[in-house]
Amino acid sequence: MHSLWAIGLALLASSAQAALTDVTLDNGMRVIVHEDHRAPVMVSQVWYRAGAMDEFNGTTGVAHVLEHMMFKGTQKVPAGEFSKRIAAAGGRENAFTSRDYTAYFQQMQKDRLELSMQLEADRMANLVISDELFAKEIQVVMEERRLRTDDQPQSVVYERLMATAYQTHPYRRPIIGWMDDLENMTAQDARDWYARWYAPDNATLVVAGDVNADEVVAMAKRHFGALPARTLPPRKPQEEPAQIGTKRIVVKVPAQLPYLLMVWHAPTLKDWEKDTDPYALQILAGVLSGNDSARLQKSLVKTRQIAVNASAGYDAVTRGPGLFMVDATPAPGKSVALLEKSIRNEIARIQQDGISEAELARVKAQVIAADVYQRDSLFYQAMQLGEYVSVGLPPEALARRVDRLRAVTAEAVQAAAKQWLQDDRLSVAELDPQPLKPQKQRAAMPGVRHAN
Amino acid sequence: MPIKTFLVALLLGLPLSAQATPAIQHWETPQGARVLFVENHQLPMLDISVDFPAGSARDPSGKAGLAQLTHALLDQGAGGLSETAIAHRLADVGAVMAGNFDRDRAGVTLRTLSSAAEKDVAIDTLTRVLQRPDFPQAVVQREKQRLIAAIREAEADPGTVADKAFYRALYGTHPYAHDEAGEPAAIERLTRGDLQAFHRSHYSAPNTVISLVGDISRTEAEAIAVRLAAGLSRAAPVSALPKPVPAAVAAETRIPHPSAQSHVLVGAVGMSRNDPDFFPLFVGNYVLGGGGFDSRLLKAVRDQRGYAYSAYSYFIPMMEAGPFELGLQTKLEQTDDALAVARDTLRQFIAEGPSEAELIQAKANLTGGFPLRIDSNKKILEYLAVIGFYGLPLDYLDTWVDRVKVVDVTAVKQAFARRIDPDRLVTVVVGAGGAR
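Only a predicted model underlies this, so the values are computations on that prediction, with no experimental measurement involved.

## A word on the overall build of chain A
A count of helical and extended segments in chain A gives 17 helices and 11 strands. The globule rule puts the C-alpha radius of gyration for 452 residues at 22 Å, and the 23 Å found for chain A is close to it. Seen along its three principal axes, the alpha-carbon backbone of chain A occupies a region of about 65 × 60 × 40 Å. Classification of the 452 residues of chain A by burial places 60% in the buried group. Long-range contacts, defined as pairs at least 24 residues apart, comprise 81% of the intrachain contacts of chain A with a sequence gap of at least 6.

Given below as structure tokens:
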């Protein structure tokens, strides 16, 4: 039964992808249009292939700070006007910075795309970064860091473990930047970053929605076509040296419950037609925690009750070296050591005995259905296209993703688990909860910096 | 181009697209469940939401957490299927079941492919989960401990601590006062019998709202609705919640916390979902703190002073008057400065109301952005559930744009003056030693 409907849906999915237009303008800017006429709206996203991994020590966080400054005005569009004009047109807009890229988006009625292009083209080339506005905005970013990292125990664990698992690769640095770097960042750092990376030949425009692809391309030529290409700096590979033994850290922060995070170095998708392990690792993550009674939940949370939560995760679409992750919170009275041992046992079981055909079919059924469901979200479809292209994968890799996952065998999952989830590639972090009640004198919190 | 000219050009030059709102069909099943349905065959999938007045405001006295625990246990063994069988059956057909839970509402959503075999398994599973949860003794015990652990874990999060204290201060003895998750001591005492009784009295057919969007016919939607409602109890609709009483005097709570930031919340009892002032308050709040970079709060707190990453205000419209809440997070030593700026901004807005230009901008964004509110099955499903649960008129989406358009400065000013007294605000500050 499964194979039949799976094929039917796969056909359906690939026919939907046929609506894709992918062109490169003379100045090197890439334009991808996905027509979807379900609703009279569109989303427009500009993706720059510059993220936290392109930063240097001493100015960590500058990619994200620049993202903030991109809303602070150009010669023609004064500070605050960008957001005001998009809002007046009924638009929603925002931006996000990752390790791999920085992207800006507007969602609007379909007939307002031109406003979005006009404003994006302007700030691609004409941004003004004033000392005064920078001084305000860097305070905002530091507040963002306090909010999202410093005061979130599990975020602190994640940040510290990344800085441990990666020895040399820039993925060891937090996207938001180290607080000390933010405190010492200057407007010139942001200007340098902008001058280095913000150019049409480092950008991809993704438009999805109730639009005509030819018209979108023509419009993109009008607005972006005249911007000059720039010689982009060479990108060094910065290969992460192979890990040669388990690493462990303890993170002491105020919290109520302990927490465990385990990460193994793992490959990501580079040659989407030849690579097999990244697809097998995605299935493996699904077998471990893809449903409420997948292996980790069933064994650790439900049956043995040594955890209150447990999950596995893996991202195959990255520019840099990947990780396979497992995290868990121990049940009251259960130790982190026991939890770690039990997780390793679950992984060893797969390495030794493999997975069942039922488990494999279950994860594939979820993948195939999710591929249909995602078509309900225009934004998500554009987002996926932008991500693939920004990490250097062709849109075809996205269109054929389901086929490639369907081709994964139980043996391939077992082999990938054996090859990649080895102790020598593992880094482990344990959150050691410190009291929440303030002590007589306010102790400095290990792992959390204070600006005061 | 000066902004005013720009706005006028925009409003005249770019007419709104025809507001193609979804056609909502509505009926009642023989068992008394209300049904809302939007037929849409664009994608081979179906979304269902089933909602009950079984949120935390319905926790019996001394049993804070019962509603949440009952909701969490629905899919942990039902109708002869173990929790594992339920999870695997759904995953095997690619279906996704999820829960919604707040003070008013407990709901279950199901997303499934619309192909017959998959859809049938998914709906059969949903039916068992809603109608015949087993509440196995061992699972009840386990989930109690998990719920308590989640509550404890959240105690490290200053935002959660502030949120809980804010509702307590605002609602006193009203059922909205206690947190949705309940209280650990009360959860410890809950029994399987408590869950069964709560399920019988609250998850009943006359209490049910079923919303469906997607690739099925009206005939099939009717059959699904009957299938979902038929095995539910016939317990009478729940009675109305008491009316919250606004604070008589200003109150301020400061709670020590070892965080790098203070979390500041300021507010008052706001409006209900059916409030006649809904649109003036909603549109007005865009100018005050709902409109992102257009809002006075974000300009004053973030743009002009760099005090916070996030500064906002909103009304949470609930069955009875939900909170009006203004919030920000800032480093400890500038807490009181930021709080003063926020209060001044609020006070000035209530005294003067929005300017004409601000209101034009607010209405342009809200009306121009309306198509984005209904551009997916998921968003339409959420509207159906709200319309059905709160008894909003069926033409709610059809009239939405017009009702925003007619709001004027006077209406906003009067509506805010009726609701928010700047001298009787509730304030919560979580962070540091709580000292000034």
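Moving on from the model shown.
## Remarks on the packing of aromatic side chains
For the structure shown, the criterion picks out 33 aromatic pairs over all chains. Ring geometry for Phe-71 of chain A versus Tyr-104 of chain A: centroids 6.4 Å apart, planes at 45 degrees, classification tilted. Of the two residues, Phe-71 of chain A sits in the loop between helix H2 (62-69) and helix H3 (81-88) while Tyr-104 of chain A sits in strand S5 (residues 102-109), which places them 33 residues apart along the sequence. Taken individually, Phe-71 of chain A and Tyr-104 of chain A each receive the classification buried, so the pair is uniform in this respect. Where Tyr-104 of chain A meets Tyr-198 of chain A, the ring centres are 6.3 Å apart and the plane angle is 70 degrees; that geometry is what we call edge-to-face. With a gap of 94 residues between them, Tyr-104 of chain A in strand S5 and Tyr-198 of chain A in the loop between helix H8 (187-197) and strand S6 (203-209) connect regions that are remote in the sequence. Judged by relative accessible area, which is 0%, Tyr-104 of chain A ranks as buried. Aromatic ring contacts, followed pair by pair, group Tyr-48, Phe-71, Phe-82, Tyr-104, Tyr-194 and Tyr-198 of chain A together with Phe-293 of chain B into a single cluster. Its end group placed over the ring of Tyr-171 of chain A, Arg-99 of chain A keeps NZ or CZ at 3.6 Å from the ring centre.

## Quick notes on the interface of chain A and chain B
Taken together, the 70 residues of chain A in the interface contact 76 residues of chain B. Linking chain A to chain B there are five salt bridges. One salt bridge connects Arg-111 of chain B with Asp-376 of chain A, and the closest N-O pair in it is separated by 2.8 Å. Here chain A is connected to chain B by 35 residue pairs in polar contact (both at pLDDT 80 or more).

## What about the domain arrangement of chain A?
Residues and elements named next belong to chain A. Partitioning chain A into structural domains gives domain 1 (19-224) and domain 2 (247-434). Here the C-alpha centroids of domain 1 and domain 2 sit 28 Å apart. On the domain 2 side, the residues contacting the 41 residues of domain 1 number 38 residues. Across the domain 1 to domain 2 interface the summed buried area is about 3,200 Å²; carbon plus sulfur atoms make up 70%. Its largest share of buried area at the contact with domain 2, domain 1 owes to Arg-49, Val-157 and Leu-161, together 18% of the area lost on that side. The interface formed by domain 1 and domain 2 contains two salt bridges. Counting residues per element, the ones that place at least two in the side of domain 1 that touches domain 2 are strand S1 (20-24), strand S2 (30-35), strand S3 (41-48), S5, helix H6 (153-165) and S6. Per element, the largest residue contribution to the side of domain 1 that touches domain 2 is 10 residues, and it comes from H6.

## Details of the sheet that holds strand S4 (residues 92-97) of chain A
For sheets, the rule is that strands pair by backbone hydrogen bonds, running either parallel or antiparallel. Residues and elements named next belong to chain A. Taken in spatial order, the six strands of this open sheet run S1-S2-S6-S3-S5-S4, and their pairing is mixed. The open sheet has two free edges, formed respectively by S1 and S4, since each of these has just one partner strand. Averaged over all pairs of adjacent strands, the angle between strand axes in this sheet comes to 15 degrees, irrespective of strand direction. Where S1 meets S2, five bridges bridge the pair, whose relative direction is antiparallel.

## Observations regarding the packing of helix H10 (residues 277-289) of chain A against helix H13 (residues 357-373) of chain A
Residues and elements named next belong to chain A. Packing of H10 against H13 brings their axes to within 9 Å, and their N-to-C directions diverge by 105 degrees. In terms of their interaxial angle, H10 and H13 are classed as roughly perpendicular. Across the interface between the two elements, Ile-283, Gly-286 and Val-287 from H10 touch Glu-359, Leu-360, Val-363 and Lys-364 from H13.

## Observations concerning the side chain of Asp-36 of chain A
Residue and element names in this part refer to chain A. With respect to the helices and strands, the residue Asp-36 is situated in the loop between S2 and S3. No salt bridge is formed by the buried Asp-36. Its closest oppositely charged neighbour is Arg-38, at 5.0 Å. At 3.5 Å, the side chain of Asp-36 and the side chain of Gln-381 are in polar contact. If sequence neighbours within four positions are ignored, Asp-36 has contacts with Gly-209, Asp-210, Arg-375, Leu-378 and Gln-381.

The rules we used
- Residues numbered from 1 in each chain as written.
- Chains lettered and ligands numbered in written order.
- Predicted model: local features only at pLDDT ≥ 70, side-chain atom pairs only at ≥ 80, totals over all residues.
- Heavy atoms only, no water.
- Helix = DSSP H or I, 4+ residues; strand = E, 2+ residues; numbered from the N terminus.
- Rg over C-alpha atoms; globule rule 2.2 N^0.38 Å.
- Buried < 20%, exposed > 50% of the residue type's maximum accessible area, 1.4 Å probe, protein only.
- Contact = heavy atoms within 4.5 Å.
- Phe/Tyr/Trp six-rings, centres within 6.5 Å; stacked < 30°, edge-to-face > 60°.
- Lys NZ or Arg CZ within 6 Å of the ring centre and 35° of its normal.
- Salt bridge = Lys/Arg side-chain N within 4 Å of Asp/Glu carboxyl O.
- Polar contact = N/O pair within 3.5 Å; in protein donor to acceptor, adjacent residues only side chain to side chain.
- Domains from an automatic or database assignment.
- Buried area = accessible area lost by both parts, 1.4 Å probe.
- Pairing = 2+ DSSP bridges.
- Axes fitted to C-alpha atoms, helices over the stretch in contact; angles between N-to-C directions.
- Parallel < 35°, antiparallel > 145°, perpendicular 65-115°, else oblique.
- Lys, Arg positive; Asp, Glu negative; His and termini not counted.

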